[in-house]
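Here is what each chain is made of, one letter per residue.
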Amino acid sequence: MTPSDPHDTDRLPDDGQASGSQAQTAAHVVGVAGGGQLARMMFPAAAVLDLKLVVLDPDAQCSSAAVALRTIVGPFDSAACLRQLAESSDFVTFEIERINAEALAELEAEGYLVRPGAKVLQTIQDKLVQKKFLRDHGIPTSSFTPFDPQNTAAPKFPCVWKACRDGYDGRGVAIVQDATALAALPPVAALLEERVAIELELAILIARDAHGETVTYPLTEIVMDPQDHIMDSVIAPAEVSDSIARQCQDIAEALATALGYIGILAIEFFVDTDGQVLVNEMSPRPHNSGHYTIEACATSQFEQHLRAVTGAGLTNGDLLSAAVTFNVLGAQGASGKPHYVGFDGWSESDRVYVHSYDKPEVRPGRKMGHVTVLAENRAAAIEKAQRIKGSIQVVSVDE
Ligand code: ADP
C-alpha cells in the first residue's frame, strides 16, 4: 500500500498504526514473503489481532494458499513480486530467509514498512556474514573461516562445512572427516567451522518491537537428528544452570538490540563439553523450535511476531506448561499424495496437539506437521512424547 515517509521506516506513530491508505478504516494487511507452514501458523494469530495476511510463494498450493487473503505466486528473488506484496500490504515480513534482500531494501527506502528489516535479512541469510556479525559483536561462536577450494591449506579435520546460503534443516551442512570428503562437496560459497564437542543444543526466542521493548521466551532444549542434522524435538523448558540460562538471555537481548530487530528472532546455541555457551545461528522469523509456544505459552511466537511487526504491543510470553514438540517428517519411501496416520482422535483432555501443514505432496524427510504434548512437568512431557511418537506419521496414499 502507499508507503509511509521514507524517513519514518524505523518508527511507528505512537498508536502503532501504519500509514497505508486503508490504515484508518480497514483491518491492517501484513504481506508475508513465504507461504509455508510458518506463514500458515500466523493465521490464527492474525485473526486474534484482526489482521489480514497476503502471502508470496512460488507454489500456488503452498500451505497458506487456502487461508490467505491473497496468494501472489512468484519467486522469492523477484523484485516485482516483492513490490506487489508490499503494495498489497501495510507491513511486510518474511517466513523464509531465501528472499531478495536488495529488493526489500529498495522498498524500505521508499517507505514501505519491512519488519524485520532488509539489513537484518542481509546479515542473517548468508551464514558467513552472520558469523562475522557474531564475531564482530563479541558474541561467542565457534571459530570459522571462509572456504576457498583453491586454497590448498588443509583445515583441521573433522570440521563442519556450511553452504553460505539457502541451507536449512541440515541441507547445506556436512561434517567433514578428510580432504577427499571436502573436495566432493558442492561448489557453492561456503564456510568451514571448527567442530564443536556439543553437550547440549538450546534455543531461545526473543521478540522486539519498534520501540525497543523486548519479550524473551524460556530457554528450550533442541534435540537434533545426528544423521540428517534436522530438528527432531524441542523440550520446554531446558534443564540448565541459572548461569547458562542467563548467558543465553543476555546474548538474545544483545543480538536483538545490535540488529535493531523488529519481530521474533530465534537463536540456537551449543553448550560444549566444557560448559561454554556458543551461538550456532540466528533465524529472523518464527522458528521450528518455537512451535511449542502455540499451546504452552501465554502468547504464541506467531502472535508475538505479528504484534511486533504491526506495533500492536508485545505481550506476556510466559511458559504455562512443560511441553515437548516433535516434527512429523515424511516417512522413508513416501512420495506423492500424503496419508496422515494418527493425526485424528485426540481430545482436549489428552493435551496432545497435532498440526498438519496440509502440504499436497509428501517426500521422505519433508516437514509435514508437528505435535506438541503438554504435561505436568518436563520428564512427563518427554515420556509422553516418546510414547506417542511412533503412532503419528505421514506416508503416501498408496502405501
Ligand atoms: P541449519 O541451518 O540447516 O539448521 P545448522 O547450522 O543449525 O544448520 O546445523 C545443523 C546441525 O548440525 C546443528 O544443530 C548441529 O547439530 C550440527 N552442527 C552445526 N554446526 C556444528 C559445529 N560447528 N560443530 C558441531 N556440530 C555442528
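Counting restarts for each chain: residues are numbered from 1 in the order of the written sequence. For a predicted model such as this one, the threshold for reporting local features is a pLDDT of at least 70, and the threshold for listing and counting side-chain atom pairs is 80 or more; totals across whole chains, interfaces and linings nevertheless cover every residue. Hydrogens and waters are ignored; side-chain quantities use all the structure's heavy atoms.

Q: Quick question: what am I supposed to make of the overall build of the protein here?
A: Under the scheme used here, helices are H or I runs from DSSP no shorter than 4 residues and strands are E runs no shorter than 2 residues, and both carry numbers assigned from the N terminus. A count of helical and extended segments in the protein gives 11 helices and 19 strands. This radius of gyration counts C-alpha atoms alone. The globule rule is 2.2 Å times how many residues there are, raised to the power 0.38. Taking 399 residues into account, the globule formula puts the C-alpha radius of gyration at 21 Å, and the protein, at 21 Å, falls close to it. In this scheme, a residue with accessible area under 20% of its type's maximum is buried, one over 50% is exposed, and one in between is partly exposed, where area comes from a 1.4 Å probe on protein chains only. Here the protein holds 399 residues, and the buried ones make up 54% of them. Note on definitions: a residue-residue contact is assigned when non-hydrogen atoms from the two residues lie within 4.5 Å. Summarising the internal contacts of the protein: among those between residues at least 6 apart in sequence, 63% fall at separations of at least 24. Between the averaged position of the 31 positive side-chain charges in the protein and that of its 53 negative side-chain charges there is a distance of 2 Å. His is not counted, nor are the chain ends, whereas Lys and Arg count as positive and Asp and Glu as negative. Note that the charge is assigned to NZ on lysines, CZ on arginines, CG on aspartates and CD on glutamates.

Q: Before we go on, may I ask you to explain the confidence of the model for the protein in this structure?
A: Atom-level detail of predicted coordinates should not be read off regions where pLDDT is low. Scored by pLDDT, the protein comes out at a mean of 93, with 94% of its residues at no less than 70. Confidence of the predictor at the level of single residues is captured by pLDDT, which takes values from 0 to 100. Below a pLDDT of 50 lies the segment residues 5–24, which in the model reaches 39 contacts outside its immediate sequence neighbourhood of four places, other chains included.

Q: It is not clear to me how the packing of helix H3 (residues 79–87) against helix H4 (residues 101–109) should be interpreted in this structure. Could you clarify?
A: Direction vectors running N to C along H3 and H4 enclose 40 degrees, while the axes themselves pass 9 Å from each other. Considering their axes alone, H3 and H4 lie oblique with respect to each other. Of the two elements, H3 crosses H4, and the hand of that crossing is right-handed. On H4, the residues touching Ala 79, Leu 82, Arg 83 and Ala 86 of H3 are Ala 103, Leu 104 and Leu 107. Partitioning the contact of H3 with H4 into residue classes produces 6 nonpolar, no polar and 1 charged. Between N-to-C directions, angles span 0 to 180 degrees; the directions come from axes that are lines fitted to C-alpha atoms, helices contributing only their stretch in contact. We call two directions roughly parallel when the angle between them is under 35 degrees, roughly antiparallel when it is over 145, roughly perpendicular when it lies between 65 and 115, and oblique otherwise. In this scheme, a crossing is called left-handed if the near helix is turned counterclockwise away from the far one by less than a right angle; it is called right-handed if the turn is clockwise. In the scheme used here, Gly and all other residues not listed as nonpolar or charged are polar, with Ala, Val, Leu, Ile, Met, Phe, Trp, Tyr, Cys and Pro taken as nonpolar and Asp, Glu, Lys and Arg as charged.

Q: Any chance you could explain the site of the ligand here in plain terms?
A: Throughout this document, a residue counts as near a molecule or strand when at least one of its heavy atoms sits within 4 Å of that molecule or strand. Close to the ligand lie 18 residues, the nearest being Lys 127, Lys 162, Gly 170, Glu 193 and Glu 201. Under this definition, polar contacts are N or O atom pairs within 3.5 Å; protein pairs additionally need one hydrogen-donor-capable and one acceptor-capable atom, and for neighbouring residues in sequence, both atoms have to be side-chain atoms. A distance of 3.5 Å separates an oxygen atom of the ligand from a polar side-chain atom of His 229. At 2.9 Å from an oxygen atom of the ligand is found a side-chain nitrogen or oxygen belonging to Glu 281. Exposure was quantified through the Shrake-Rupley algorithm and a 1.4 Å probe, taking into account, for residues, occlusion by the shown protein chains and nothing else. Coverage of the ligand by the protein chains reaches 93% of its 550 Å² of free accessible surface. Of all elements in the fold, only strand S6 (159–163), strand S8 (190–194), strand S9 (198–208) and strand S14 (277–283) reach the threshold of two or more residues within the shell around the ligand. Tallied by class, the residues present in the shell around the ligand amount to 7 nonpolar, 3 polar and 8 charged.

Q: Would you take a moment to explain the pattern of salt bridges for this structure?
A: Close approach of charged atoms lets side chains of opposite charge pair. Any Lys or Arg side-chain nitrogen found within 4 Å of a carboxyl oxygen on Asp or Glu counts as a salt bridge. One pass over the structure, following the stated rule, counts 14 salt bridges. A salt bridge links Asp 126 to Arg 165; its shortest N-O distance comes to 3.8 Å. On the criterion of sequence distance, the pair formed by Asp 126 in the loop between helix H5 (118–125) and helix H6 (127–136) and Arg 165 in the loop between S6 and strand S7 (173–176) is long-range, its members being 39 residues apart. When its relative accessible area of 12% is taken as the criterion, Asp 126 is described as buried. Among the ionic pairs, Asp 136 bridges to Arg 135, the shortest N-O distance being 3.6 Å. What makes Arg 135 partly exposed here is its relative accessible area of 47%. The network of salt bridges with common partners includes Lys 131, Lys 162 and Glu 193.

Q: I keep staring at H3 and nothing clicks. Help me out?
A: Count 3.6 residues to each turn of an α-helix, and residues three or four apart come out pointing the same way. If you check which residues of H3 are buried, you get Cys 81, Leu 82, Leu 85 and Ala 86. Projected down its long axis, H3 shows its buried positions confined to an angular sector of 140 degrees, all on one face. Along its buried surface, H3 packs onto strand S1 (28–33), strand S2 (51–57), strand S3 (70–73), strand S4 (91–94) and H4. Here the arc refers to the set of directions running from the helix axis out to each C-beta atom.

Q: Can you walk me through the packing of aromatic side chains in this structure?
A: A pair of aromatic rings is counted whenever rings of Phe, Tyr or Trp (Trp by its six-membered ring) have centres within 6.5 Å, and the orientation is called stacked for planes under 30 degrees apart, edge-to-face for over 60 and tilted otherwise. Under the definition given, this model contains 1 aromatic pair. A ring pair is formed by Tyr 340 and Phe 343, whose centres lie 4.9 Å apart and whose planes are at 65 degrees; its orientation type is edge-to-face. For Phe 343, a relative accessible area of 11% puts it in the buried group.

Q: Even after reading the chapter, I still don't get the sheet that holds S2, so can you show me in this structure?
A: Either a parallel or an antiparallel arrangement is found when strands of a sheet pair, and the pairing is made through backbone hydrogen bonds. Being paired, for any two strands, means DSSP has found at least two bridges between them. The sheet built from 4 strands is open, its strands ordered S3-S2-S1-S4 with parallel pairing. Strand pairing shows two members of the sheet lacking a second neighbour, S3 and S4, which therefore form its edges. The sheet shows a mean angle of 25 degrees between the axes of neighbouring strands, direction not considered. Sheet strands in contact with H3 are S1, S2, S3 and S4, and its direction is about 175 degrees off that of S2.

Q: Is there a simple way to think about helix H10 (residues 301–310) in this case?
A: Extensive coverage of H10 is indicated by the burial of 10 of its 10 residues. Turning to H10, its buried residues are Gln 301, Phe 302, Glu 303, Gln 304, His 305, Leu 306, Arg 307, Ala 308, Val 309 and Thr 310. Within two residues after H10, Gly 311 carries a phi angle of roughly 75 degrees, on the positive side.

Q: I would appreciate a short explanation of unusual backbone geometry in the present structure.
A: Residues apart from glycine generally show negative phi values, whereas peptide bonds are mostly found in trans. Residues Phe 157 and Pro 158 are joined by a peptide bond in cis, for which omega reads -10 degrees. Mapped onto the elements, Pro 158 comes out in the loop between strand S5 (144–147) and S6. With omega at 0 degrees, the peptide bond leading from Ala 236 into Pro 237 counts as cis. The phi angle at Arg 351 is positive, at roughly 55 degrees, despite the residue not being glycine.

Q: Looking at this structure, I do not really get the side chain of Asp 272. What am I missing?
A: Take Asp 272: it is sitting in strand S13 (residues 263–272). Buried and without a salt bridge, Asp 272 has Lys 131 as its closest oppositely charged side chain, separated by 12 Å. Within the structure, Asp 272 has its side chain in polar contact with the backbone nitrogen of Asp 274 (distance 2.9 Å).

Q: What exactly am I supposed to notice about the sheet that holds S7 here?
A: A sheet is described by the order of its strands in space; here 4 strands give the open sequence S5-S8-S6-S7, paired in antiparallel fashion. With partners counted over all chains shown, the strands left at the sheet margins are S5 and S7, one partner each. Going from strand to strand, the sheet's axes swing by 25 degrees on average, the running direction of each strand aside. Two strands pair when backbone bridges link them, and S6 and S8 are joined in this way by 5 bridges, in the antiparallel orientation. Bridging across to S8, Val 160 finds its partner in Glu 193.

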